[in-house]
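Take a look at the letters that make up each chain.
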Amino acid sequence: MMLIDPHAHMISRTTDDYEAMAAAGVVALIEPAFWLGQPRTFVGTYVDYLSTIVGWERFRAGQFGIRHYCTIGLNSKEANNEELAEGVMEWLPRFALKEGVVAIGEIGYDEQTALEDKYFRLQLTLAKELGLPVMVHTPHRDKKQGTSLSMDVCEEMGLDPSMVVIDHNNEETVGEVLDRGYWAGFSIYPSTKMGNARMVELLKQYGSERIIVDSACDWGISDCLGVAKTAQLALQSGVSEAVVSAVCYGNALAAYGQSGQMKESDWLSPPAIDQRTLYEGNSILRGGREPVIEEPGTQRRKGLTIE
């Protein structure tokens, strides 16, 4: 079974993670623009970050046979720095038009402040103008209220729910998100957000329609194999292969494929892996390591341990 991880912050992961994901069946991933754990204080650092996820990370993933896409946006936490936010907003249209950008995101609310609301609305307007889907980050605190508010604002701004992925759902929010016609993303994240076993129970209850499983792996304690482990556990728990394939592959492709930047042929007929290739004169290889040179589809898959 092929897998897509539609929410993976790979800029904070090692090459070992790319290798593990490829071995587990991940053929494509989406890297959302996000908060780095420490506030950025200059527009230039934000520009360099966005350049990395549309460039170097796209190259690095390809060196392990994974197709890399990304989303572009001003995150909700840094929207509260108005000077920074204004500068970033001037750059976003240029990055949003680059190859491989499949959505505006992840955007939304953190503390649900007036500035967060202002820049959420501005970015929704940008998404509408460019015809791009939206990835919404729901807040960690007051999640239910923030999730409802996010959808209210999307509707007020005239967005079609089918173009919006509401991410980081849980048992408290999923019903309303699905009832209102949005895509419901779930981040498999240790000790918070959503666990493998909890996700399987939700699949048994809700099925597969408009549900998307992702890992949200980042710089914190997280698991880049969240999608693969959930798929395996779901199959072992009696969830049908059709449902698992939809929530761990097909639905992400359907939602973000609306951008016109992501299509199945991208990874069904990929270029061969040749780790001798350079990006801006740089290689992923260090210390005289022998490069991997192989045709697509030759990587061996490994077993997974679900904790």
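Here the structure is a predicted model, which is why all the values come from computation and not from measurement.

Asks: Explain the sheet that holds strand E1 (residues 3-5) to me, and be specific about the residues and the numbers.
Replies: Strands sit in the order E1-E2-E3-E4-E5-E6-E7-E8 across an open sheet of eight strands; the sheet is parallel. Looking at the sheet topology across the chains shown, the edges are occupied by E1 and strand E8 (211-214). Strand after strand, the sheet turns through a mean of 25 degrees between neighbouring axes, direction not considered. Looking at chain direction, strand E6 (residues 164-167) and strand E7 (residues 183-187) are connected through two bridges and run parallel. Across the sheet, residue Val 165 finds its bridge partner in E7, namely Trp 183. The strands touched by helix H10 (residues 241-256) are E1, strand E2 (26-32), strand E4 (101-108), strand E5 (134-137), E6, E7 and E8; relative to E8, the strand with the most contacts, the crossing angle is about 110 degrees.

Asks: So what's going on with empty space enclosed by the protein? Residues and values would help.
Replies: The final tally for this structure, using the stated rule, is one cavity of 30 Å³ or more. When its volume is computed, the largest cavity comes out at roughly 30 Å³. Lining the largest cavity are Leu 74, Asn 75, Ser 76, Ala 79, Ile 107, Gly 108, Glu 116, Tyr 119, Phe 120 and Gln 123. Those elements that provide at least two residues to the lining of the largest cavity are E4 and helix H5 (114-130). The greatest single-element share of the lining of the largest cavity, amounting to four residues, is contributed by H5.

Asks: Got a sec to walk through the nonpolar core? Specific residues and values, please.
Replies: Grouped together as the largest cluster of nonpolar side chains are 79 residues, with contacts concentrated most on Leu 50, Ile 72, Leu 74 and Met 199. Top contributing element to this core by residue count: helix H4 (residues 82-96), with seven residues. Residues in contact with Met 199, not counting those within four places in the same chain, are Phe 186, Ile 188, Met 194, Ile 211, Val 213 and Thr 230.

Asks: Residues and numbers for the packing of helix H9 (residues 226-236) against H10, please.
Replies: Remark: H9 packs on H10, axes separated minimally by 10 Å, with the N-to-C direction vectors making an angle of 165 degrees. Comparing the axis directions of H9 and H10 gives the class roughly antiparallel. Regarding H9 and H10, the two cross each other, and that crossing is right-handed. Here Val 227, Ala 231, Ala 234 and Leu 235 of H9 come into contact with H10, specifically with Glu 241, Val 244 and Cys 248.

Cut-off values and rules
- Residues numbered from 1 in each chain as written.
- Predicted model: local features only at pLDDT ≥ 70, side-chain atom pairs only at ≥ 80, totals over all residues.
- Heavy atoms only, no water.
- Pairing = 2+ DSSP bridges.
- Helix = DSSP H or I, 4+ residues; strand = E, 2+ residues; numbered from the N terminus.
- Axes fitted to C-alpha atoms, helices over the stretch in contact; angles between N-to-C directions.
- Contact = heavy atoms within 4.5 Å.
- 1 Å grid on protein atoms, 1.4 Å probe; cavity = no way out; pocket = protein on both sides within 12 Å on 5 of 7 lines; lining within 4 Å.
- Points joined across faces, edges and corners; volume = space filled by probe spheres on them.
- Core = buried A, V, L, I, M, F, W, Y, C linked by side-chain atoms within 4.5 Å.
- Buried < 20%, exposed > 50% of the residue type's maximum accessible area, 1.4 Å probe, protein only.
- Parallel < 35°, antiparallel > 145°, perpendicular 65-115°, else oblique.
- Left-handed = near helix turned anticlockwise from the far one by under 90°.

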